[in-house]
Amino acid sequence: MDLLAIADFNLVAKYGGYGRAARSTGRSKATLSRRVAELESRLNLRLVERGARTLTLTEEGKALYERSRVLLTDLDETVSAIASGAAKPAGRLRISAPLLFSQVAMGKLAAEFAVKYPEVQLEVTADDRAVDMVDEGYDLVIRVNPDTDENLYGRTFLRDRLVVVASPNLKRPSDDQPAPAVMRSTRQPPPQFWDVTTAGEPMRLGVSPAVQLSSMIMVRDAVRAGAGAGMLPISLVSHDLATGRLVSWGDAGGPDIALWALYPSRRLLNARVSAFLAFLKVVFPTGAPEELAAYINA
């Protein structure tokens, strides 16, 4: 594959036409047109629609541009770093992270990273939805138990687990009575029971929603206030358990919570993403829930 032809196609797509690309980059308009035509011929695909005054990308052209521009940017940054003696990471780093992780840890992480890498302009967005990294321009996304995506690569950097906790003033009901519960509001009907393991013995705890709230922080605060029992990450309530502000009713069933750092290319990570991944490894060397809890409560 002709890398120069792909690079010239990216210039035409970026500037919206051969003339604009030529004027902005100093490349010959005729050369740009020839390179794009050769690329279309080699792929046997039409990448651009040539109008009298405007140029638009076909669906295939849009797909090639979105994927190849990320790779070309990473390649350019890699070459620049090598040529400059692997200079310190610099430039903008955009990260999307889940709301709860952002609230309890991301501000502190961002500040420490900014101090360590002052030439990086870090931008963090708190969002629980599955953002489109390429279309929305993110360099890295942090997600909880993400679905498999063949276009993304990544690694687990933290694990957590759920526990059922309550105020010590809230009496645990008998087996035939549901416990008042503070639940995270979702579009699904609230559950009628929680699977709980206490002293190694599994059981089902009947629950009745007393309050439904949209964030884990609000759920924890309502549980602290005695509104009901809550199912919460151990990292969020470990300090309360240690001080007796909350008591454990048992470990929740189901798989552990895994936090993943995801990126669009495993081969050409830019220096900023590589630096942030290494930074996470230093802060959370084993990725255990206790490390996150200690970091939150430090």
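Above: the structure in question.
The structure displayed is predicted, hence computed values, not measured ones.

Enquirer: Describe in detail the packing of aromatic side chains, supporting the description with residues and values.
Expert: Considering all chains together, one arrives at seven aromatic pairs under this definition. Between the aromatic rings of Phe 101 and Phe 157, the centroid separation amounts to 5.9 Å while the plane-to-plane angle is 70°, which identifies the pairing as edge-to-face. Taken together, the residues Phe 101 in helix α5 (residues 99-116) and Phe 157 in strand β6 (residues 153-160) connect sequence positions 56 residues apart. On the basis of relative accessibility, which here comes to 4%, the residue Phe 101 falls in the buried class. Residue class for Phe 157 comes out buried when judged on its relative accessible area of 9%. Measuring from ring centre to ring centre gives 5.6 Å for Phe 113 and Phe 279, while their planes differ by 65°; the resulting arrangement is edge-to-face.

Enquirer: Can you break down the sheet that holds strand β8 (residues 179-184) residue by residue, with the values?
Expert: A barrel is described by the order of its strands in space; here six strands give the closed sequence β7-β11-β8-β10-β9-β12, paired in mixed fashion. Strand-to-strand twist in this sheet, taken as the mean axis angle between neighbours without regard to direction, amounts to 50°. Relative to strand β11 (residues 229-233), helix α7 (residues 216-224) is tilted by about 135°, and along the sheet it contacts β7 (162-166), β8, β10 (201-213) and β11. Contacts between helix α8 (residues 234-243) and the sheet are confined to β7, β11 and β12 (247-252), with β11 contributing the most and set at about 120° to the helix.

Enquirer: Please set out the packing of α7 against α8 residue by residue, giving values where relevant.
Expert: Following both chains from N to C, one finds α7 and α8 inclined at 20°, their axes separated by 11 Å at the closest point. Classified by the angle between their axes, α7 and α8 sit roughly parallel to one another. The element α7 and its partner α8 pack so that their crossing is right-handed. Counting all contacts with α7, which are made through Met 216, Ile 217, Arg 220 and Arg 224, the residues of α8 involved are Leu 236, Val 237 and Asp 240.

Enquirer: How would you sum up the nonpolar core? Please name residues and give values.
Expert: Of all hydrophobic cores here, the largest spans 28 residues; its most connected members are Phe 101, Leu 109, Phe 157, Phe 276 and Phe 284. If you list the elements that add at least two residues to this core, you get β3 (91-97), α5, β5 (140-144), β6, β13 (257-263), α9 (271-283) and α10 (289-297). Val 12, Val 48, Leu 55 and Leu 57 belong to the second largest nonpolar core, which has 17 residues in total.

Enquirer: Requested: an account of the sheet that holds β13, with residues and values cited.
Expert: Spatially, the five strands line up as an open sheet ordered β4-β3-β5-β13-β6, and their pairing is mixed. In this open sheet, the two edge strands, each paired with only one partner strand, are β4 (120-126) and β6. Put simply, the sheet's adjacent strands are angled 20° from each other on average, direction ignored. Pairing of β3 with β5, which is carried by two bridges, proceeds in the parallel orientation. By the bridge assignment, Ile 95 is partnered in β5 with Leu 140. Sheet contacts for α9: β3, β4, β5, β6 and β13; angle to β3, the most-contacted strand, approximately 50°.

Enquirer: Give me the pairing of β4: which residues, what numbers.
Expert: Two elements, β3 and β4, share seven bridges in a ladder whose sense is parallel. Of the residues in β4, the one forming a bridge with Gly 91 is Val 120. Each parallel crossover has a hand, and the one from β3 via α5 to β4 is right-handed.

The rules behind the values
- Residues numbered from 1 in each chain as written.
- Predicted model: local features only at pLDDT ≥ 70, side-chain atom pairs only at ≥ 80, totals over all residues.
- Heavy atoms only, no water.
- Phe/Tyr/Trp six-rings, centres within 6.5 Å; stacked < 30°, edge-to-face > 60°.
- Helix = DSSP H or I, 4+ residues; strand = E, 2+ residues; numbered from the N terminus.
- Buried < 20%, exposed > 50% of the residue type's maximum accessible area, 1.4 Å probe, protein only.
- Pairing = 2+ DSSP bridges.
- Axes fitted to C-alpha atoms, helices over the stretch in contact; angles between N-to-C directions.
- Contact = heavy atoms within 4.5 Å.
- Parallel < 35°, antiparallel > 145°, perpendicular 65-115°, else oblique.
- Left-handed = near helix turned anticlockwise from the far one by under 90°.
- Core = buried A, V, L, I, M, F, W, Y, C linked by side-chain atoms within 4.5 Å.
- Right-handed = clockwise from strand over helix to strand, strands pointing away.

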